[in-house]
Each structure stands twice: as structure tokens, then as C-alpha cells.
Amino acid sequence: KKSYKLVVVGGGSGGITMSAKFGSKLGKGNTAIIEPMETHYYQPYWTLVGGGLKNVENSGRPMKSVIPKTVDWIKDRVVSFEPDKNVVHTQNGHEVSYEYMIVSMGIKLDFQKIKGLPEAFQTPGVCSNYSLHTVTKTPQAMKDFKEGNAVFTLPNTPIKCAGAPQKVMYLTDAYMRKVGKRDKANFIYNTALGVMFSAPKYAAELLEVAKDKGIAVNFQHNLIEVNSVKKEATFEKLSSDKEPKETVTYPYEMLHVTPPMSTPEQLQKSPLVDASGYLTVNKHTLQHVKYPNIFGIGDCTNVPTSKTAAAIASQSGVLRKNLKAVMAGQPLPGQYNGYTSCPLITGYNKCILAEFDFDLKPLETFPFDQGKESRLMWHVKKDFMSPLYWHLLLNGWWEGPWLFRKLFHLGMSR
Ligand code: FAD
Ligand code: UQ1
């Protein structure tokens, strides 16, 4: 049995960031991170890999290299939580106890929930930027494309980076124009949502972008089956009041799937979650609603904002202050405003940098309208974000762009 002052569950964006902040503060041997994987991936890179702009090899680094020296790495998987006893149990049969715990387990991809999809990935033309194993099929599908439908999907569950299902479509469009076969392709965006994007300002801009590119947008269309022999994708119409719901089937030449997603099973069956399986925390303080010594960060929480690494940067500042305060027996000073950001690539050299809060109101860093496509924002996404992630965020030194926002707006911003 091992025992720690602080245990962090999950070594993704949120877990590494928080262990960097607390590892040195608490001193060697007092913080542990439980994470089974050998490699840490910078997932936002996969949009660029799928666009044929970067190499997949550069998206990951050894887990060992991103875990701070002051933190014990328990290379294992949590299988159950006993929050009343302040212990977790691991796959290798260890019991780890804690005074404080941060849960940062992310969300997983449920490809198997779409009938025929796991098999379809074995065939050409079917791809997904969402996983390491399927992302390199995207540029291949673009190259192989001769003529027919290019179909892009968004599922009927919460997902990470809600803009990524569109970014891949705009990059595919740009590629096909570049090589001169765009007129052979019929672009279809089938989304389970009823809008282009959660924040209305950017939703309006994106609808224009799609229209200008000649992309057909079908709302409330949820992918349920892929038949890779016939090369057909079947969608249920969520607006249908029939039971079972009406369906519609599209032949495809290229199919980019954004799969349904959910929290890891070990978390779902724990006493720490709500009915939908997400960790229940106070959305402003990130403290668990029932266990005051437990906090959450990132995709696995029920915090009602768009799930991104940018949100995690902002949350990490709040969590740093609040966990420190709880350890000192003081009231919680940190208040998360829901800040999240999504660099919506709309073509080569073009990007709309969405930034907004819980109210879906813009909270833009730069002193110009980020709703308009911008070349500078493209470079921010393509060249600036990856070093920011590896060197600043993961070392606990980036708590979001709020200081730049204040400076650029001379103290006049919200
Ligand atoms: P993750 O980083 O997913 O980490 C979760 C960790 O928990 C994993 O390492 C996993 O192994 C571990 N874990 C799971 N179960 C257990 C267990 N039982 N025991 C122990 N450990 C466990 N964000 C942006 O800000 N901007 C972007 O442009 C952007 N683009 C994206 C594009 C794509 C294609 C994708 C996939 C994501 C993108 N994101 C973007 C989202 C961003 O990558 C995620 O929001 C972020 O990485 C979530 O961090 P996390 O710590 O919550 O989870
Ligand atoms: C951000 O902070 C971040 O996390 C490190 C991202 O993920 C890689 C982002 O995509 C974005 C846009 C931000 C926000 C940063 C700025 C400079 C607006």
C-alpha cells in the first residue's frame, strides 16, 4: 500500500499540468500520478496531421519525459475508487491512498458504438483525426479520392474540441481545390447538433464558410452504421418523431468519422459521477460536489463548457489556487468562468480563433474581430500552439491568455 499527499489520476493534458504545479510545491515523494500509457500525445496536432501538414511521429513524447521529476509515476490503471476511504485501487492490485486527489482521466473514443465502423477502418476512404491509429488515413483518403461524396460527421454525445469535425472538412476542401479535383467531390457535413457551433457568433461565421465552399450541411443527422462493402453511411434523423427514427443512407468515397465519446468505465462506475458518467464538480471551483478533497480538471468533468486543452489551461490556474487553499484550510479563491478556445481552421492560411465562456459570449484575446478568418490566427494554431503546449502548459506555466487579453484591451475587457 502506497500513500501520498496528492494523487493525480490520468497523465493527459490536465494531469501533467497539475502535477507540474504541485510536484515541486509539495516536495519529492508527496505527489503521485497514475497513468498506464507509455506515450503522451498532443492531440490538437492530429488536425494538422490529418490535413497532411505535419508528421504523426511528432505528436507524441515519452510519458516519462513529461512527468515532473518530483512526482512518482505509478505506471498503472485505476480500476476503482473508494472516496469514503480516500483510496484508489489499480489494475496491478495496488491500493493507493491520498489526502487530496485530482481526477483528470479524459474521455475515450467509442468507435465500436457505430455498427460496422471498426471493420470499416480496415478499408480505404474511412478515416478519423481523433485517434492515433486512424489519423494518417485522412491524408491518404484525400489523395486517393477520385469522385463522389466526401462525408464528415459529428456524433450525438459530448466530444473534445467540437470544432475539429469541421476543421478536417475545410482542409480536405482546400486540398482538393489545390490539386484540382474539388468539382469531382460532393461535400456533406452531417452533424447530430442543431447548430454549426455552440457559441452563436462563430456558428454564424462557420455557416457562411460552409456555404461559400459549397458544402451541404445537414443538422440533427447522427451516424449509426457504416457499410464498408457497399461504401454507405447511415444516419438517424434526430428530428424524427417516429420510433425507430427515420434514417437516411449516403454513399461515400471518403468518410471522416468523429466517434461518440464517454468517460472511462472505471470512472463511470465510481461514486464520483452523475447519471451521464461525468465527474461532478462545482463548475466555478472545480471541487467535487460531495468530496471536498477531490477536484477535477479537463474532459472527464461535467463542467458545462467546450472540452479543450485551452479550457484546461484556464482551469489549471483556478485549480492551483483552490487546491492550495483547501490544503491550508482556507476558503476557495479561484472562480472558473468557462473560458475555452477553439482554433477553427477554415482553409490553408485561414483560421477563426473562437474564444468564449460559460455564457457562450466571446472572450477574445486579440484586439480585432476573431470571428473573421485570419492568417495570423492560422500561424498561431499551426506554429505557436505546439511549443506553448509542450513547454509552457505541461510545465504548469500557462494558465490561459487572460493577461494578454487585458493588455491588448488596455484593461477594458470583461
Ligand atoms: P487526456 O489528455 O485525454 O488524458 C486523459 C489521460 O487519462 C490519458 O492519458 C489516459 O491514459 C488516462 N486514463 C484514462 N483512464 C485511466 C485510468 N483508469 N487510470 C489511469 N489513467 C487513466 N484542444 C485545444 O485546446 N485546441 C485544439 O485545437 C484542439 N484540437 C483537438 C483536435 C483533436 C483531433 C483532438 C482529439 C483533441 C483536440 N483538442 C484541442 C482537445 C484536447 O486535446 C483535450 O481537450 C485535452 O487533451 C484533454 O485533456 P485531459 O487531461 O482532460 O484528457
Ligand atoms: C490554448 O491555451 C491552448 O492550450 C495550450 C490550446 O491548445 C493547444 C489552443 O488551441 C488555444 C487556442 C489556446 C489559447 C491561446 C491563445 C494564445 C489564444
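Here is what the cut-offs are and how they apply
Residues numbered from 1 in each chain as written. Chains lettered and ligands numbered in written order. Predicted model: local features only at pLDDT ≥ 70, side-chain atom pairs only at ≥ 80, totals over all residues. Heavy atoms only, no water. Helix = DSSP H or I, 4+ residues; strand = E, 2+ residues; numbered from the N terminus. Buried < 20%, exposed > 50% of the residue type's maximum accessible area, 1.4 Å probe, protein only. Polar contact = N/O pair within 3.5 Å; in protein donor to acceptor, adjacent residues only side chain to side chain. Contact = heavy atoms within 4.5 Å. Salt bridge = Lys/Arg side-chain N within 4 Å of Asp/Glu carboxyl O. Patch = residues over 30% accessible without salt bridge, like charges linked within 9 Å, V, L, I, M, F, W, Y side chains within 5 Å. Areas by Shrake-Rupley, 256 points an atom, 1.4 Å probe, with all protein chains shown as cover. Domains from an automatic or database assignment. Buried area = accessible area lost by both parts, 1.4 Å probe. Near = heavy atom within 4 Å. Nonpolar A, V, L, I, M, F, W, Y, C, P; charged D, E, K, R; others polar.

Asker: Quick question: what am I supposed to make of the side chain of N222 here?
Answerer: Looking at where N222 falls in the secondary structure, it is placed in strand 14 (residues 221-227). On the basis of relative accessibility, which here comes to 7%, the residue N222 falls in the buried class. One polar contact links the side chain of N222 to the main-chain amide nitrogen of N156, over a distance of 3.3 Å. In contact with N222, other than residues within four places in its own chain, are P155, N156, A192, T234, F235, E236 and L238.

Asker: Sorry, what's going on with the pattern of salt bridges here?
Answerer: One side chain can pair with another of opposite charge once the charged atoms of both are near each other. Counted under the stated rule, the structure contains 20 salt bridges. Note that E225 and K115 form a salt bridge whose closest N and O atoms lie 3.8 Å from each other. A residue pair is termed long-range when its members are at least 10 positions apart, and E225 in strand 14 and K115 in the loop between strand 9 (108-109) and helix 4 (117-120) qualify at 110 residues. Relative accessible area serves as the criterion here: at 28%, E225 is assigned to the partly exposed category. Assessed through its relative accessible area of 54%, K115 is described here as exposed. Across the salt bridge formed by E364 and K201, the nearest N and O atoms sit 3.0 Å from each other. Linking E364 in the loop between strand 21 (350-356) and helix 10 (375-392) with K201 in helix 7 (residues 200-212), this pair joins segments that are 163 residues apart in sequence. Bridged by salt links that share partners, the residues K108, D110, K113 and E265 form one connected network.

Asker: Help me out: how do you make sense of a nonpolar patch on the surface in this one?
Answerer: A contiguous nonpolar patch, built from W402, L403, F404, L407 and F408 and spanning about 520 Å² of accessible area, is present on the exposed surface. Take W402: it is sitting in helix 11 (residues 402-408).

Asker: Explanation requested: the domain arrangement of the chain in the structure shown.
Answerer: By convention, interface size is frequently given as the accessible area that disappears when the constituent parts associate. According to the domain assignment, the chain consists of domain 1 (2-49 + 61-108 + 262-327), domain 2 (109-261) and domain 3 (340-408). Relative to domain 2, the C-alpha centre of domain 1 lies at a distance of 31 Å. Counting from both sides, the interface comprises 13 residues of domain 1 and, opposite them, 20 residues of domain 2. Between domain 1 and domain 2, roughly 1,400 Å² of surface is buried when both sides are summed, and carbon and sulfur atoms account for 56% of that area. Sorting the residues of domain 1 by area buried against domain 2 places W46, T47 and K108 first, and these three jointly supply 41% of that buried surface. At the surface where domain 1 touches domain 2, the tally comes to one salt bridge.

Asker: Just checking my understanding: could you explain the site of ligand 2 for this structure?
Answerer: The environment of ligand 2 is formed by 13 residues, the closest being Y42, S341, P343, E355 and W398. Taking W398, its side chain carries an N or O atom lying 2.8 Å from an oxygen atom of ligand 2. Elements represented by at least two residues in the shell around ligand 2 include exactly helix 9 (309-327), strand 20 (340-347), strand 21 and helix 10. Residue composition of the shell around ligand 2, grouped by class: ten nonpolar, two polar and one charged. Here the shell around ligand 2 gathers at least three residues from each of two domains, domain 1 (2-49 + 61-108 + 262-327) and domain 3 (340-408).

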